[in-house]
Amino acid sequence: MALASTALMVGGALATASPASAATGGCADGNVCLYAGTQFNVPRLTTGKTSECFQLAFYQLVGNPYYIYSYVNNSSVKVDLWKSTPVPDEWSHVGTIGPGKFSSNTQKNFNEAILVCTGGRAPYWSQA
């Protein structure tokens, strides 16, 4: 009888376990997801594009309180964040999010970023 109870407990535990394929922060495989809240709350930008730049203002990720506070990079490419400089069309690198990386709290490390580019794309003022 004890053996049967143990088997049911193990079976029950397996049945309630999260699937291995559950995506961090709800960000699907192949996508980059940026959030305006910590703990993957307030999703703002989700993209599967691997060679594109995005103006963060279009996604309400520039200016208090809407900075990038958490992120997930489920893509196979790096993501670079950029800020503007006083020289037109010249950019300053803020940081990089590597493939497979995530953070539930960026500690405001990307607050200066106004542009994000995927796949090593050189920064440019895109309409995306």
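Computed from a predicted model, the values in this text were never measured in an experiment.

Considerations on the pattern of salt bridges
Should their charged atoms come close, side chains of opposite charge can pair.
Next up, step 1: In the structure shown here, the tally under the stated rule is 2 salt bridges.
Next up, step 2: Asp80 is the salt-bridge partner of Lys78, the closest N and O atoms lying 3.4 Å from each other.
Next up, step 3: A salt bridge links Lys83 to Glu112; the nearest nitrogen and oxygen atoms lie 3.3 Å apart. A residue pair is termed long-range when its members are at least 10 positions apart, and Lys83 in strand 5 (residues 79-84) and Glu112 in the loop between strand 7 (102-103) and strand 8 (115-118) qualify at 29 residues.

A closer look at the sheet that holds strand 5
Next up, step 1: Read across the sheet, 4 strands follow the order 3-8-5-6 without closing on themselves; strand pairing throughout is antiparallel. Two strands close off the open sheet at either side, each with one partner strand: strand 3 (53-55) and strand 6 (91-97). The sheet shows a mean angle of 25° between the axes of neighbouring strands, direction not considered.
Next up, step 2: As defined by bridge partners, strand 3 adjoins strand 8 across 3 bridges and the pair is classed as antiparallel.

Topic: the pairing of strand 6
Next up, step 1: Bridge analysis of strand 5 against strand 6 gives 6 bridges, and the strand direction is antiparallel. Bridging from a neighbouring strand, Val79 pairs with Ile97 of strand 6.
Next up, step 2: Following strand 5, the chain reverses through 6 residues before pairing antiparallel with strand 6; Asp89 in that reversal takes a positive phi of roughly 60°.

Considerations on the packing of aromatic side chains
Next up, step 1: In total, this model carries 6 aromatic pairs according to the counting rule given.
Next up, step 2: Judged by centre distance (6.2 Å) and plane angle (75°), the rings of Phe54 and Tyr59 are edge-to-face.
Next up, step 3: Phe54 sits in the buried class, given a relative accessible area of 4%.
Next up, step 4: Following the ring pairs from residue to residue traces out a cluster consisting of Tyr35, Phe40 and Phe102.

How each quantity is defined
Once a new chain begins, its residue numbering starts again from 1 and follows that chain's sequence as written. Local features in a predicted model are, by the rule used here, given only for residues with pLDDT of at least 70; side-chain atom pairs are given and counted only at 80 or more, and totals for whole chains, interfaces and linings are based on all residues. Processing note: side-chain calculations cover all non-hydrogen atoms of the structure and skip hydrogens and water entirely. Throughout this description, the term salt bridge denotes a Lys or Arg side-chain nitrogen within 4 Å of a carboxyl oxygen of Asp or Glu. In this text, helices come from DSSP runs of H or I with a minimum length of four residues, and strands from runs of E with a minimum of two, each type numbered from the N-terminal end. Note on pairing: DSSP must find at least two bridges between two strands before they are called paired. Every angle, taken between N-to-C directions, lies between 0 and 180 degrees, and every axis is a line fitted to C-alpha atoms, over only the stretch in contact when it is a helix. Between the rings of Phe, Tyr and Trp (Trp by its six-membered ring), a pair exists once the centres lie within 6.5 Å; its type follows the angle of the planes, with under 30 degrees stacked, over 60 edge-to-face, and the other angles tilted. Burial here depends on accessible area, computed with a 1.4 Å probe over protein chains only, as a share of the maximum for the residue type. Under 20% is buried, over 50% is exposed, and the range in between is partly exposed.

Function cannot be read off these values alone, since they describe shape.
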